[in-house]
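Observations on chain architecture
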Amino acid sequence: MVKDDRKFSVVIAGGGSTFTPGFILRLINQQDKFPLRQIKFYDIDAERQKKIGDACAIIIKERAPQIKFSYTTDPEEAFTDVDFVFGSIRVGKYEMRSHDEKIPLKYGVNGQETTGPGGMAYGLRSIPAIIQIIDYMEKYSPNAWMINYSNTIAIVSEACRRFRPKSKVINICDMPIDIMTRMARICGLKDYHDLDFIYYGLNHFGWWKEVRNYKTGEDLMPKLKKYVRENGYYVGGDFDKDTEASWVETFKKAKDCYALEPDTLPNTYMQYYYYPQYEVAHADPHHTRTDEILEYRQKIVFGECKRIVEAGTAKNNIWDKNAIHSEYIVDICHAIAYNTHEKFLANIPNNGAISNLPDDIIVEVPCLFGADGVQPIACGEAGRFQRGMIMEQVTCEQLVVDAYEQHSYEKMWQAFALNKTVPDALVAKKILDDMIPVNAPYWPELK
Ligand code: NAD
Ligand code: G6P
Ligand code: MN
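Before going into details, it helps to say that this report is about the structure given with it. What you see is a predicted model; the values in this text were computed from it and never measured.

Conventions used here
Residues numbered from 1 in each chain as written. Chains lettered and ligands numbered in written order. Predicted model: local features only at pLDDT ≥ 70, side-chain atom pairs only at ≥ 80, totals over all residues. Heavy atoms only, no water. Near = heavy atom within 4 Å. Polar contact = N/O pair within 3.5 Å; in protein donor to acceptor, adjacent residues only side chain to side chain. Areas by Shrake-Rupley, 256 points an atom, 1.4 Å probe, with all protein chains shown as cover. Helix = DSSP H or I, 4+ residues; strand = E, 2+ residues; numbered from the N terminus. Nonpolar A, V, L, I, M, F, W, Y, C, P; charged D, E, K, R; others polar. Phe/Tyr/Trp six-rings, centres within 6.5 Å; stacked < 30°, edge-to-face > 60°. Buried < 20%, exposed > 50% of the residue type's maximum accessible area, 1.4 Å probe, protein only.

1. Side note on the site of ligand 1
Around ligand 1, 28 residues are found, and the nearest of them are Ser17, Asp43, Ile89, Tyr94 and Tyr122. Within the backbone of Ile89, an N or O atom sits 2.6 Å from an oxygen atom of ligand 1. In the environment of ligand 1, a nitrogen atom lies 3.0 Å from a nitrogen or oxygen atom belonging to the backbone of Ile172. Burial of ligand 1 by the surrounding chains reaches 95%, relative to a free accessible area of 860 Å². For the shell around ligand 1, the secondary structure elements donating two or more residues are helix H4 (93–106) and helix H5 (116–140). A per-class count over the shell around ligand 1 returns twelve nonpolar, eight polar and eight charged.

2. What about the site of ligand 2?
In the vicinity of ligand 2, the residues found are Arg97, Glu113, Asn151, Cys173, Asp174, Met175, His204, Trp247, Tyr269, Arg289, Ile293 and Arg297. At 3.5 Å, a backbone N or O of Met175 approaches an oxygen atom of ligand 2. Contact with the protein chains covers 87% of the free accessible surface of ligand 2, which is 390 Å². Residues that form the shell around ligand 2 fall into these classes: five nonpolar, two polar and five charged.

3. Comments concerning the packing of aromatic side chains
Going through the model one piece at a time under the given rule, you end up with 25 aromatic pairs. Ring geometry for Phe23 and Phe86: centres 5.4 Å apart, planes at 80°, overall edge-to-face. Taken as a pair, Phe23 in helix H1 (residues 20–29) and Phe86 in strand S4 (residues 84–87) lie far apart in primary sequence, 63 residues in all. We note that Phe23, like Phe86, is buried.

In structure tokens:
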């Protein structure tokens, strides 16, 4: 066998992200599987990134001093000599997420990060920033791959398909693997690696058609359906001891989503499309998920970084416990770097993967990941119900990209009005009109 002594260089775009320390710990712990020579951070907010960067410098120095580490706001420095770009940016940060959530709620419409009008507003903000990062990567490291988590993934993926069709960018989501880890636990297995599956739909909008034991091929759907019918994806006990209350609600609510279409198992995000009235009734328009994050996750992450910097050591840090979000992206880099052809989900042009849907829509389907990128796996037909749901939602996503391309007010209004979470075109207009001024620094001028 030829000796493979490659070591890779990664840049995390969105170095100041709350998920960055989790990426670092996972990368460090996976040095036998995915060896690194360099990690860099890139962000446009120097101050925010510094807080995370200084703590991560200590973590890396203590645990993997052989890896060169730096952080910067200079694109040339960041994107030169890298093999992988992790996309983890939030355009407009939590301040804008708060508007995405609160403006629709003012009009009795779901206020959610990646679904409904909030998700479309966020997607429109992300398009130019993601394209810019792709362009930096291609200019300074033309052989690199970008693995992108930055939302709204469905809209970002459609923009990539239209504007950068040849670029080496793969748009991914951690929700299905989070749910699959729950499925594994429900079936007495360890995690998502223990399951084989067919899942199809759009990002944050899909269904499992098959779930099997990866080793034995046993059909796990009957066991899972029985469990989800009663408990949703809530596992409880030690497994859920750190799960935040609103996420517990979400995993439990999957029970009601399953009830509507019991042939398949739903993504938890279907709650926003099946039960928008329930979501609105249970929301506080003055205290949304963003406020919870500011009070909890962001506080903990930045507090822990400060503690590490002051102590000068990262002993006993909170990220030693592995997070699925970072495990997944490292798995994917490994599959690409070593051409393993492992199966993961990606958001890609359909091209027949779901046989009764158009070729040119972006879908989230299982793919084989290797050195040449992703090869979709045929999923067969979407059910009648799913096909109807998908075509409505994907049209909204396409209209947002039309609005970006044409600077069109009308297209964005249509996207909102068509969406299943919005009851009326006038309501859609009011939401849009409130969103335009706050999004002015990020959106094209819609005429
Ligand atoms: P965060 O607000 O904590 O961090 C985002 C960082 O991005 C900030 O430091 C910000 O300054 C930076 N940023 C904004 N615009 C930028 C630009 N143009 N170039 C470089 N940096 C820029 O966000 P977070 O909550 O940690 O989430 C990060 C991203 O990951 C978000 O897009 C979120 O939606 C996404 N996410 C996706 C998944 C998924 O399943 N795909 C899962 C979790 C999080
Ligand atoms: C899941 C989804 C992400 C989304 C996140 C929001 O992980 O897959 O796409 O960004 O949830 O979680 P939060 O805790 O930020 O509300
Ligand atoms: Mn996601």
